[in-house]
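# A look at the structure
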Amino acid sequence: MNSTVIKAEKLTKRYGDFVAANELTFDVRAGEIFGFLGANGAGKTTAMRMLCGLSVPSSGTASVAGYDVYKQTENIKRNIGYMSQKFSLYEDLTVMENIGFYAGIYGLTDKEIKEKSVQLVDQLGLHDSAKKLVRSLPLGWKQKLSFLVAIIHQPKIVFLDEPTSGVDPVARRQFWDLIYQAADTGITAFVTTHYMDESEYCHRVSIMVDGNIRALDSPANLKKHFSASSMDEVFQGLAREAKRKED
Amino acid sequence: MKQLFSFIKKEFLHVFRDRKTLMLLFGLPVVQLTLFGFALTNEVKNAKIVVADYSKDIATKQITEKIEASKYFDVEKSLKSHDEIEAAFKTGKIKLAILFPENFNENLLHLHKAQIQIIADASDINTATTLTNYISAIVADYQRQLMKDASIPLTITPEIRMLYNPELKGEHTFIPGIMAMIMLLICVMMTSISIVREKELGTMEILLVSPFKPLMVIIAKFIPYLLISFFNITSILLISVYALELPIKGSILLLYSESLLFVVTALAIGLLISIQAQSQQTAMFGSLMATMLPTLLLSGFIFPVENMPLPLRIISNVVPSKWFFIIVKSIMIKGAGISVVWKETLVLTGMMLFFLTVSLRKFKIRLA
């Protein structure tokens, strides 16, 4: 289980004079839950977009699931799932229709879609709401559904962009259980968050400040290294150096 | 292919789930047709007209009385000069003027023929046609009465002058006009709104991260509105042929082909707007500005392009609906074939390619 699924070397994105992501070097191992931390505007989303093939790096190299981010974005797309902080479900479609649609655009067969839908609804205990519009679901359920839809095609890696923003602590805990379940089936999770308590759930964490990765290790090692009692302290210590304003 | 199908199915679900959109999509053509078709073409009542009688004899009096007796006209008798009549037309005070030249009855009796001049304001084509037809009918009726008593044939020739639009260009043009307007509205507005909505919801990002190709997203967005537009064209044509009794003189196949060309142009414009717009409101407003205004003002649908000042005439050339309007008008009303409208078709094809290329390119750039 120690093969590398994401490998970035000096990955950089510039917008004119502004360096959004500066020479990021890191690797993510298969089956790992990798936390990608940073204040707003630190460059998390920029880095993630480059890895997903949504934006072309200015320099450096990176591979995702063994494919090059410059040339093989189509192969990358087939092997990743993505969930954004907006949850990205169609509110005017039912739960089943949303599942069917996302499964459909990933090219699942009708039989697979049917099986997956049943399995998903079971997993979420959404039997009564399967034919209801997503609009009517509570936020926590939308979030969970959104995650399961993102991994409906069993990708190698799932990218989660601040997946827990705006939901209550109980729902967040349940959501992390889902991430662990997915990791057990071999899906690597790449999670950005700014909830420091959540970073404790990750196997390894990288902390970005002003476009640079300032720390990368397991939460336990990080706390030891910075002699802090919590990840929050570690983060505050690093974030104090930040010069960029939040945007 | 299966992926595309899932996407198109989803687009249709969006359309059918939203009652308001559904009403707009399928109700709009019917409402528009009813408004324009019946409100504009139906009979005119109490139209203000001027009768300038320079003869004042028995015949002119009888004709004037007949006209006055009809409920359609509100007659003002005055000896206006040509200039005065022209001025009254310009201010819109009158819709029609009738001039009896001097010695009307004398001419009729001795030369067996006389002339009436009927002048109508043809900038409002439908009213002008209706009114002149009424007057001509009244005059013809009077002529028949005279013939009964006389042994020699007597002819009164109504000399009709259509002011501002002498060739009556644009008769029954509201059908092509409505076709252009509805297709533009639906295609431009619905495409741009539905794409911007995906941007707002964040689902666009998900789509771009998926193996589903951006070009496919566009095709999937186009197809439902293309089908709905064709449904609408069909219903417009059916209503116009069966309810309004306006036959289609030209080839229906050609009509649909040209419509396809126009719809794709409209879809491309919608795509272009959606790339620029950040919110659904902006997209809607932008679409209205880009479609309704130019179509209403510059396509020739309501105001004849020929009578516009030169700068507007030049600007009207970049309005796609102007060309589509000319094409449909020629096919439907004049029965023209491709050999007549090939130039306009070429212009429209050029526009389609232009908008499609620009929007696809911009769509790609935005992804980088």
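No experiment lies behind these values; they were computed from the predicted model shown.

### A word on the overall build of chain A
- The helix and strand inventory of chain A stands at nine helices and ten strands.
- Taken against the 2.2 N^0.38 rule, which gives 18 Å for 247 residues, the C-alpha radius of gyration of chain A at 18 Å falls within 12% of a compact globule.
- Based on the C-alpha atoms only, the size of chain A along its principal axes is roughly 50 × 40 × 35 Å.
- Sequence-distant contacts in chain A: of pairs separated by 6 or more residues, those separated by 24 or more amount to 69%.

### Topic: the pattern of salt bridges
Residues and elements named next belong to chain B.
- A complete count under the given rule lists 20 salt bridges over all chains for this structure.
- Asp74 is the partner of Lys48 in a salt bridge, and the nearest nitrogen-oxygen pair spans 3.3 Å. Of this pair, Lys48 sits in strand E1 (residues 47–53) while Asp74 sits in strand E2 (residues 73–77); the two residues are 26 residues apart in sequence, bridging distant segments of the chain.
- Among the residues examined, Lys48 registers a relative accessible area of 46% and is labelled partly exposed.
- By relative accessible area, which is 33% here, Asp74 ends up partly exposed.
- Two residues, Asp141 and Lys66, come together in a salt bridge whose shortest N-O distance is 3.0 Å. Taken together, the positions of Asp141 in helix H6 (residues 125–149) and Lys66 in helix H3 (residues 58–69) put the pair 75 residues apart, joining distant regions of the chain.
- For Asp141, a relative accessible area of 30% gives the class partly exposed.
- One connected set of salt bridges, linked through shared partners, spans Lys10, Glu11, Glu198 and Lys221.

### With respect to the interface of chain B and chain A
- Tallying the contact residues gives 26 residues for chain B and 30 residues for chain A.
- Here chain B and chain A share an interface that buries about 2500 Å² over both sides, 63% of which is from carbon and sulfur atoms.
- A per-residue breakdown of the area chain B buries against chain A is headed by Ile206, Val209 and Pro211 of chain B, which together make up 25% of the total.
- Between chain B and chain A we count three salt bridges in total.
- A salt bridge links Glu205 of chain B to Arg49 of chain A; its shortest N-O distance comes to 2.6 Å.
- Inspection of the chain B/chain A interface yields twelve residue pairs in polar contact (both at pLDDT 80 or more).
- Only helix H1 (2–17), helix H7 (174–201) and helix H8 (203–209) of chain B provide two or more residues apiece to the side of chain B that touches chain A.
- Looking at the side of chain B that touches chain A element by element, the count peaks at eight residues for H1 of chain B.

### Re a nonpolar patch on the surface
Residues and elements named next belong to chain B.
- Taken together, the side chains of Phe285, Met289, Leu293, Leu297, Ile302 and Phe303 make up a nonpolar region of the molecular surface, amounting to roughly 560 Å² of accessible area.
- Residue placement: Leu293 occurs in helix H11 (residues 280–298).
- Note on Leu293: relative accessible area 39%, which makes it partly exposed.

### Considerations on the pairing of strand E3 (residues 33–38) of chain A
All names here are of chain A.
- Counting buried positions along E3 gives six out of six residues, so the element sits mostly inside the fold.
- Because side chains alternate across E3, one face comprises the buried residues Ile33, Gly35 and Leu37, and the other comprises Phe34, Phe36 and Gly38, equally buried.
- Both E3 and strand E8 (residues 188–193) contribute to a ladder of five bridges, which runs parallel. Paired with Ile33 across the bridge in E8 is Ala189.
- Sheet topology places E3 next to strand E9 (residues 204–209); five bridges connect them, and they run parallel.

### Thoughts on the sheet that holds E8 of chain A
Residues and elements named next belong to chain A.
- If you trace the six strands from one edge of the open sheet to the other, you get E6-E7-E8-E3-E9-E10, paired in mixed fashion. With partners counted over all chains shown, the strands left at the sheet margins are strand E6 (80–83) and strand E10 (212–217), one partner each. Taking the axes of each pair of neighbouring strands and ignoring which way they run, one obtains an average angle of 15° across the sheet.
- Bridge analysis of strand E7 (residues 157–161) against E8 gives five bridges, and the strand direction is parallel. Of the residues in E8, the one forming a bridge with Asp161 is Thr192.
- Packed onto the sheet, helix H5 (residues 139–150) meets E6 and E7 and runs at close to 160° relative to E6.
- Packing of helix H6 (residues 169–184) onto the sheet brings it into contact with E3, E6, E7 and E8, and relative to E3 it is tilted by some 135°.

### Brief notes about the nonpolar core
- Counting residues in each nonpolar core, the largest one holds 160 residues, and the members touching the most others are Phe147, Phe159 and Ile207 of chain A.
- For this core, the leading source of residues is H7 of chain B, giving 18 residues.
- Non-local contacts of Phe159 of chain A, meaning those with residues more than four positions away in its chain, are made with Ile6, Met48, Leu51, Cys52, Val64, Ile80, Gly81, Tyr82, Met83 and Phe190 of chain A.
- In this structure, Ile63, Ile67, Phe73 and Val75 of chain B belong to the second largest nonpolar core, which totals 28 residues.

### Describing the confidence of the model for chain B
- Per-residue confidence for chain B gives a mean pLDDT of 83; residues scoring 70 or more make up 91%.
- Across chain B, the element-wise mean pLDDT spans from 75 in strand E5 (residues 155–163) of chain B up to 91 in helix H10 (residues 252–276) of chain B.

### A closer look at the sheet that holds strand E1 (residues 4–15) of chain A
Residue and element names in this part refer to chain A.
- The strand order E2-E1-E4-E5 describes an open sheet built from four strands, whose pairing is antiparallel. On the outer flanks of this sheet lie strand E2 (18–29) and strand E5 (67–68), each paired with one strand and no other.
- Where E1 and strand E4 (residues 59–64) come together, five bridges link them in antiparallel fashion. Within E4, the position partnered with Thr12 by the bridge is Ser59.
- Helix-sheet contacts for helix H1 (residues 44–52) involve E1, E2 and E4, and the interaxial angle to E1 is about 120°.

### Quick notes on H5 of chain A
All names here are of chain A.
- In a regular helix each residue adds 1.5 Å, so twelve residues correspond to 16 Å; H5 covers 16 Å between its end C-alpha atoms and thus fits that length.
- The buried fraction of H5 is high, at ten of twelve residues.
- Every buried residue of H5 is accounted for by Gly140, Lys142, Gln143, Lys144, Leu145, Ser146, Phe147, Leu148, Val149 and Ala150.
- Tucked into the core, H5 has its buried residues touching E6, helix H3 (95–105), helix H4 (110–124), E7 and H6.

### Here's the deal with the side chain of Gln143 of chain B
- The topology assignment puts Gln143 of chain B in helix H6.
- What makes Gln143 of chain B buried here is its relative accessible area of 18%.

Cut-offs applied
- Residues numbered from 1 in each chain as written.
- Chains lettered and ligands numbered in written order.
- Predicted model: local features only at pLDDT ≥ 70, side-chain atom pairs only at ≥ 80, totals over all residues.
- Heavy atoms only, no water.
- Helix = DSSP H or I, 4+ residues; strand = E, 2+ residues; numbered from the N terminus.
- Rg over C-alpha atoms; globule rule 2.2 N^0.38 Å.
- Contact = heavy atoms within 4.5 Å.
- Salt bridge = Lys/Arg side-chain N within 4 Å of Asp/Glu carboxyl O.
- Buried < 20%, exposed > 50% of the residue type's maximum accessible area, 1.4 Å probe, protein only.
- Buried area = accessible area lost by both parts, 1.4 Å probe.
- Polar contact = N/O pair within 3.5 Å; in protein donor to acceptor, adjacent residues only side chain to side chain.
- Patch = residues over 30% accessible without salt bridge, like charges linked within 9 Å, V, L, I, M, F, W, Y side chains within 5 Å.
- Areas by Shrake-Rupley, 256 points an atom, 1.4 Å probe, with all protein chains shown as cover.
- Pairing = 2+ DSSP bridges.
- Axes fitted to C-alpha atoms, helices over the stretch in contact; angles between N-to-C directions.
- Core = buried A, V, L, I, M, F, W, Y, C linked by side-chain atoms within 4.5 Å.
- pLDDT = per-residue confidence, 0-100.
- Expected span 1.5 Å × (residues − 1).

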